[in-house]
Number of protein chains: 2
Amino acid sequence: MNQTKELNIVQFNSGEKNIKEDLIVKETPFTLLINGQEIVTLLCSPNKLEYLAVGFLLSEGLIESDTMIKRVSLGKDEHYANVELDRDFQVPQDFFQKRLISSGCGRGSSFYNPQDVIDCEPVNSGFQIGYKQVIDLMKEFQEKSALFKKTGGVHSAALCNLNEIEIFTEDIGRHNAIDKILGECLMKKISTENKVISTSGRISSEILIKVTKRKIPIIISRAAPTDLAVELAEKMRVTLIGFVRGKRMNIYSQPFRVI
Amino acid sequence: MNQTKELNIVQFNSGEKNIKEDLIVKETPFTLLINGQEIVTLLCSPNKLEYLAVGFLLSEGLIESDTMIKRVSLGKDEHYANVELDRDFQVPQDFFQKRLISSGCGRGSSFYNPQDVIDCEPVNSGFQIGYKQVIDLMKEFQEKSALFKKTGGVHSAALCNLNEIEIFTEDIGRHNAIDKILGECLMKKISTENKVISTSGRISSEILIKVTKRKIPIIISRAAPTDLAVELAEKMRVTLIGFVRGKRMNIYSQPFRVI
């Protein structure tokens with residue numbers, strides 16, 4: 001599906017008024033089902049939707065990395081996807097009732113406690129990366145963000161090895177972009193261990209949790225982290241690098257991985 | 001509560017490595033209750049939390065603009081707020097079960113249909129603004145975004161009249177920033193009609209819906225809109241102006257309000 005749409009706008013420039021054709025980014029409602037049972041509706045960019053479906057369910061703990069997925073089928077106009085599992089599925093009662101999802105680029109469970117949310121082991125990888133490699137990966141990442149340049153409306157994310165980008169994706173939501181990467185890794189059996197994840201967006205606690213759960217040791221961004229993300233990163237032994245711009249970067253946690 | 005936190009980071013700059021003190025933005029889990037009943041947990045910036053509570057409940061349709069609010073009390077460490085109403089309250093069954101909230105800066109109901117979501121009248125205001133006034137408001141708005149400049153981590157929103165900013169707020173989430181404005185308007189009985197709302201963030205469908213429900217005729221942003229937001233704005237007769245930068249702006253819908 002096309003990810004941008006042309007439309008006529010009125011542009012003012014230094015007082016001069018013109019009608020102009022412009023490109024804007026698409027936003028689509030996309031409903032996920034497991035075995036035909038409705039789970040959630042996301043607002044997202046209409047690409048890599050199968051990966052978004054699987055990545056979201058994985059990040060939310062509704063499926064595990066060894067869950068047998070029989071088929072992911074996209075519905076009419078790609079407005080929904082049904083993820084068919086090789087077994088019965090019951091939505092955990094607390095998914096709807098307790099572990100509520102928040103607004104505003106954020107989501108959390110009730111009386112949210114980072115330690116509760118991270119129900120996984122710290123990332124104990126000895127994986128390291130050179131300072132120069134971080135700079136080069138961010139440069140490649142920036143160059144790939146073509147849709148962003150065209151429309152100014154999307155976030156990007158990428159899974160990288162030490163030398164290059166392996167998977168790249170874009171979405172209007174920074175959480176969705178990360179979930180698309182994680183879903184693609186699961187479906188294509190691409191390992192996330194000893195890899196670097198790159199994001200165009202702010203690193204908040206939820207982004208950090210997604211990355212930790214997949215045992216990714218390093219996350220890099222052009223943007224800022226929040227204090228909660230840094231606190232979690234330190235605790236979960238993830239190396240969080242922000243403000244990677246030009247030849248500069250800030251390492252907020254576990255700097256031993258950057259050499 | 002302080003909105004930023006100091007911490008020591010490792011900074012690389014052109015290959016040189018230094019330990020440096022840095023400011024990062026806070027991210028706090030904040031749980032909302034109505035009459036003691038838990039509703040949702042948001043991840044947000046710890047300021048204007050009473051307004052966020054009321055604004056969120058208003059945007060979600062859990063309270064109406066004429067609902068009698070007896071008291072909004074903040075709990076220990078400001079990690080929750082209880083909104084006491086002057087009447088009994090039952091969470092609508094479909095709030096938990098059907099109208100699910102999405103991840104990644106987005107939220108929607110099942111098989112989301114913009115027409116279903118907008119259960120309000122179009123904004124039929126004849127309110128107009130001068131091209132130059134939009135430029136000036138955005139300039140004032142940019143100057144006020146001090147926290148963003150310091151930490152690179154937050155969004156801003158403002159309610160403006162034709163000449164100046166009336167209410168200004170910041171939050172790590174662009175939805176939260178708008179809800180804080182709307183909550184403050186409700187609690188202080190400030191009219192939102194014939195006003196302009198300004199946001200630092202992308203204008204997606206949900207932002208547009210919040211603004212429409214409060215009958216705000218004009219929304220302006222330095223950033224881009226999505227196609228769904230533009231479609232809704234046209235239908236709901238809201239003037240959507242994006243990319244307000246320097247002396248330039250793009251008007252995506254209802255341009256008759258800019259003179």
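See the structure printed just above.
Residues numbered from 1 in each chain as written. Chains lettered and ligands numbered in written order. Predicted model: local features only at pLDDT ≥ 70, side-chain atom pairs only at ≥ 80, totals over all residues. Heavy atoms only, no water.

Asker: Break down the overall build of chain A for me, citing the residues and quoting the values.
Answerer: When helices and strands are counted, chain A shows 8 helices and 12 strands. For chain A, the residues scored as buried account for 63% of the 259 residues in total. Expressed as a percentage of contacts within chain A between residues at least 6 apart in sequence, the contacts between residues at least 24 apart total 51%. With the model as given, the accessible surface of chain A reaches about 10000 Å², and the carbon-plus-sulfur share is 46%. (Helix = DSSP H or I, 4+ residues; strand = E, 2+ residues; numbered from the N terminus. Buried < 20%, exposed > 50% of the residue type's maximum accessible area, 1.4 Å probe, protein only. Contact = heavy atoms within 4.5 Å. Areas by Shrake-Rupley, 256 points an atom, 1.4 Å probe, with all protein chains shown as cover.)

Asker: Residue-level account of unusual backbone geometry, with values.
Answerer: Even without glycine at this site, Ser 14 of chain A takes up a positive phi of about 50°. Inspection of the secondary structure puts Ser 14 of chain A in the loop between strand E1 (4-13) and strand E2 (16-25). With relative accessibility at 53%, the residue Ser 14 of chain A sits in the exposed group. For Arg 237 of chain B, which is not glycine, the phi dihedral falls at a positive 55°. You can see Arg 237 of chain B is positioned in the loop between helix H8 (227-235) and strand E11 (239-245).

Asker: Explain the side chain of Lys 180 of chain A to me, using residue names and the numbers behind them.
Answerer: Residue and element names in this part refer to chain A. Among the structural elements, Lys 180 can be located in helix H6 (residues 174-187). Accessibility expressed as a relative area gives 0% for Lys 180, which makes it buried. A polar side-chain atom of Lys 180 sits 3.4 Å from the main-chain carbonyl oxygen of Glu 170. At 2.6 Å, the side chain of Lys 180 forms a polar contact with the side chain of Asp 171. (Polar contact = N/O pair within 3.5 Å; in protein donor to acceptor, adjacent residues only side chain to side chain.)

Asker: Describe in detail the pairing of strand E10 (residues 218-221) of chain A, supporting the description with residues and values.
Answerer: Residue and element names in this part refer to chain A. Side-chain alternation along E10 places Ile 218 and Ile 220 on one buried face and Ile 219 and Ser 221 on a second face that is also buried. Looking at chain direction, strand E9 (residues 196-199) and E10 are connected through 4 bridges and run parallel. Its bridge partner being in E10, Val 196 is matched across the sheet by Ile 218. Chirality of the crossover, the property in question, places the unit of E9, helix H7 (residues 205-213) and E10 among those that are right-handed. Bridging between E10 and strand E11 (residues 239-245) involves 3 bridges; their strand directions are parallel. Each residue of the ladder has a partner; that of Ile 220, found in E11, is Ile 241. Following the backbone out of E10, through helix H8 (residues 227-235) and into the adjacent parallel E11, one traces a crossover that is right-handed. (Pairing = 2+ DSSP bridges. Right-handed = clockwise from strand over helix to strand, strands pointing away.)

Asker: Account for the sheet that holds strand E2 (residues 16-25) of chain B, naming residues and giving values.
Answerer: Ordered by their spatial adjacency, 8 strands build an open sheet running E8(A)-E7(A)-E9(A)-E10(A)-E11(A)-E12(A)-E1(B)-E2(B), and the pairing between neighbours is mixed. Looking at which strands have only one partner, the edges of the open sheet turn out to be strand E8 (165-171) of chain A together with E2 of chain B. Strand-to-strand twist in this sheet, taken as the mean axis angle between neighbours without regard to direction, amounts to 25°. (Axes fitted to C-alpha atoms, helices over the stretch in contact; angles between N-to-C directions.)

Asker: Can you explain the pattern of salt bridges? Please cite residues and give values.
Answerer: Any two side chains of opposite charge can pair, given that their charged atoms come close. This structure, assessed with the given rule, holds 18 salt bridges over all chains. The salt bridge involving Lys 48 of chain B is made with Glu 184 of chain B; its shortest N-O contact spans 2.9 Å. With Lys 48 of chain B in the loop between strand E4 (37-44) and helix H1 (49-59) and Glu 184 of chain B in helix H6 (residues 174-187), this residue pair connects regions lying 136 residues apart in the sequence. Linked through salt bridges whose partners overlap, the residues forming this network are Lys 48, Glu 184 and Lys 188 of chain A. (Salt bridge = Lys/Arg side-chain N within 4 Å of Asp/Glu carboxyl O.)

Asker: Can you explain the state of the cysteines? Please cite residues and give values.
Answerer: Throughout the structure, instances matching the rule amount to 0 disulfides over all chains. Here Cys 185 of chain B stays free of any disulfide, with the sulfur of Cys 160 of chain B as its closest cysteine sulfur at 11 Å. (Disulfide = S-S within 2.5 Å.)

Asker: Give me the packing of helix H7 (residues 205-213) of chain B against H8 of chain B: which residues, what numbers.
Answerer: Residues and elements named next belong to chain B. Axis separation between H7 and H8 bottoms out at 8 Å; the angle between their running directions is 25°. Put simply, H7 runs roughly parallel to H8. Across the interface between the two elements, Ser 205, Leu 208 and Ile 209 from H7 touch Leu 228, Ala 229, Leu 232 and Ala 233 from H8. The residue makeup of the contact of H7 with H8, split by class, is 6 nonpolar, 1 polar and no charged. (Parallel < 35°, antiparallel > 145°, perpendicular 65-115°, else oblique. Nonpolar A, V, L, I, M, F, W, Y, C, P; charged D, E, K, R; others polar.)

That is the geometry; function is a separate question.
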